[in-house]
Amino acid sequence: MSINFLQPEYEVVRNMDRCITCRVCERQCANEVHHYNADLDRMVSDDSKCVDCQRCVTLCPTNALKIVKTNNCFKENANWHTSDITDIYRQATTGGVLLGSMGTPKEYPVYWDKLLINASQVTNPSIDPLREPMETRTFLGKKDATIHYDKDGNIITKTTPQLELSTPIMFSAMSYGSISYNAHKSLAMAATKLGIYYNTGEGGLHEDFYVYGPNTIVQVASGRFGVHSDYLEAGAAIEIKMGQGAKPGIGGHLPGAKITEAVSKTRMIPQGTDAISPAPHHDIYSIEDLRQLVYMLKESTNYKKPVIVKIAAVHNVGAIASGIARCGADIIAIDGFRGGTGAAPARIRDNVGIPIELALASVDRRLREEGIRNQVSLVVGGSIRSSADVIKAIALGADACYIATSALIALGCHLCRTCHLGKCNWGIATQVPELVKRLNPAIGSEHLVNLVTAWTHEIKEMMGGMGINSIEALRGNRLMLRGVGLTEKELEILGVKHAGE
Ligand code: SF4
Ligand code: SF4
């Protein structure tokens, strides 16, 4: 039937004057786009298999390749876009749910880009971070509501367990299984070197990575994959995943093809079987149930580790966060709907949830109004793309940010958005041994360290420009932000003034 045929989205353009038929592109492409045709004595391409991962373009020794978006077009109008039409063809052909990776491609507002940062002029002079101390160290966990003194008048600084970060950035949850051993190792090595944390995601902890435990957050999700007492003890903190921004309200599905021997051992499930996480935790149907799990995890680790509860940014997020703060969690992680690295049903990814900026501002305000903001730290993720986004998040009330897509891009990801196919040509979202080895953890971790170091320099410069010398003084400091092109309602929710005010 005619609807079976869809014009390839990308075209491989090969400059035949430059091509030396070295066949590098053929060897490098796991999607089998390039082939040497002996009869023609030249390279040929199958455009229909190209996902625009840019691997061949990057490695072609003669710069002979480029990938272009096809200019074939449907007769679109303001209502029917090409993607709407082709999605219907695909579903009419397969009867299946459409999957996609790496967050929504739809044009929802990015509020970070509608917020501008202040700088001091004349009064409250700016601070030069190269000459004066600038504190980016951040502690996550419950804080005392009041200052306590001992009998000699010294401040008592004993608190419940905290996570200490050298800079307010952490690597967000990405499970071993959804990403490769080498990607996981790169994150673990970089977190250790930087003095921050990476997150196991819901796939358990490979035995080789226990050594990075002091910089690891171990996750407990609805599937409970790989959760046992040594695992809980191994990390510096435990995260309960209630939801994630890319697919709020549903569970996860890692195809059996990705459950290799090592992944099966780590997850404690049979090799080759699909790893399906239920949508809810089957023992949690109320805040009281969540409280039981929070305290069960604390109890089982002798109250030595902070417990994080991660939720997706959804409509009633302020009230939900209030409940979580009251149920004993030390940290709340909120994941916005533009984020997400793993596979998600496209319809949910593109339509369910709310932007992280609005969720963060609502949660911070609600917790402050209820007088319980000190009981939890807030960590936000969901498309943090630069140090400026981090600064804006902290000024809106975050204690720290989770990054995932940005971290993967630093590892070489070219955002081809086909992680769910398991054939990542950059060795990140794959378990195929010959692809995994393309990512060298020593080099990958170095790139991650460079990224976070660069962002930290920029954070210091922007804080200095505001006349602020610590993250503590920036947190929730909305006076440092102004909105542009926002409605009264949006400004009200964000709690910021319009530029010019
Ligand atoms: S990598 Fe470049 S030079 Fe080599 S065969 Fe492919 S297009 Fe030709
Ligand atoms: S991780 Fe790999 S498959 Fe996923 S978007 Fe990046 S390059 Fe593509």
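Residues numbered from 1 in each chain as written. Chains lettered and ligands numbered in written order. Predicted model: local features only at pLDDT ≥ 70, side-chain atom pairs only at ≥ 80, totals over all residues. Heavy atoms only, no water.

A. Region of interest: the packing of aromatic side chains. Counted under the stated rule, the structure contains five aromatic pairs. Between phenylalanine 74 and tyrosine 89 the ring centres are 6.2 Å apart and the planes differ by 45°, which places this aromatic pair in the tilted class. With phenylalanine 74 in the loop between β4 (65-69) and α3 (82-94) and tyrosine 89 in helix α3, the pair connects residues that are 15 residues apart, well separated along the chain. The class for phenylalanine 74 is partly exposed, based on a relative accessible area of 28%. Ring geometry for phenylalanine 209 versus tyrosine 212: centroids 6.3 Å apart, planes at 50°, classification tilted. With a relative accessible area of 16%, tyrosine 212 lands in the buried category. Between the NZ or CZ atom of arginine 55 and the centre of the ring of tryptophan 426, over which it lies, the distance is 4.7 Å. One Lys or Arg, lysine 298, reaches over the ring of tyrosine 295 and ends 5.3 Å from the middle of that ring. (Phe/Tyr/Trp six-rings, centres within 6.5 Å; stacked < 30°, edge-to-face > 60°. Helix = DSSP H or I, 4+ residues; strand = E, 2+ residues; numbered from the N terminus. Buried < 20%, exposed > 50% of the residue type's maximum accessible area, 1.4 Å probe, protein only. Lys NZ or Arg CZ within 6 Å of the ring centre and 35° of its normal.)

B. Examining helix α4 (residues 181-194) more closely. Between its terminal C-alpha atoms α4 stretches 20 Å, which fits the 20 Å expected from 14 residues at 1.5 Å a residue. Looking at the buried positions of α4, the neighbouring elements they touch are β9 (169-171), β10 (198-199), α12 (405-411), α13 (433-436) and α14 (441-465). Count one or two residues on from α4 and you reach glycine 195, which has phi positive near 75°. (Expected span 1.5 Å × (residues − 1). Contact = heavy atoms within 4.5 Å.)

C. How the structure looks around the environment of asparagine 316. You can see asparagine 316 is positioned in the loop between β15 (307-312) and α8 (317-326). Here asparagine 316 falls in the exposed class, since its relative accessible area comes to 53%. Linking asparagine 316 and serine 362, residues 46 residues apart in sequence, is a C-alpha distance of 9.2 Å.

D. Quick peek at the nonpolar core. Counting residues in each nonpolar core, the largest one holds 112 residues, and the members touching the most others are Phe171, Ile334 and Ile428. Look past the residues within four positions of isoleucine 334 in its chain and what remains in contact with it is Ile311, Ala313, Val317, Ile356, Ala359, Val363, Leu378, Val379, Val380 and Gly381. Among the nonpolar cores identified, the runner-up in size contains 14 residues, and Tyr10, Met43, Val57 and Cys60 belong to it. (Core = buried A, V, L, I, M, F, W, Y, C linked by side-chain atoms within 4.5 Å.)

E. Just the sheet that holds strand β6 (residues 115-117), in detail. With mixed pairing, the three strands of this open sheet are ordered in space as β6-β20-β21. Taken across any chain shown, the strands that pair with only one partner, and hence form the sheet edges, are β6 and β21 (497-498). As judged from the three bridges shared by β6 and strand β20 (residues 481-483), these two strands associate in the antiparallel manner. Bridging from a neighbouring strand, leucine 116 pairs with arginine 482 of β20. Against the sheet, helix α11 (residues 387-395) makes contact with β6 and β20, and its axis sits at roughly 95° relative to β6, the strand it touches most. (Pairing = 2+ DSSP bridges. Axes fitted to C-alpha atoms, helices over the stretch in contact; angles between N-to-C directions.)

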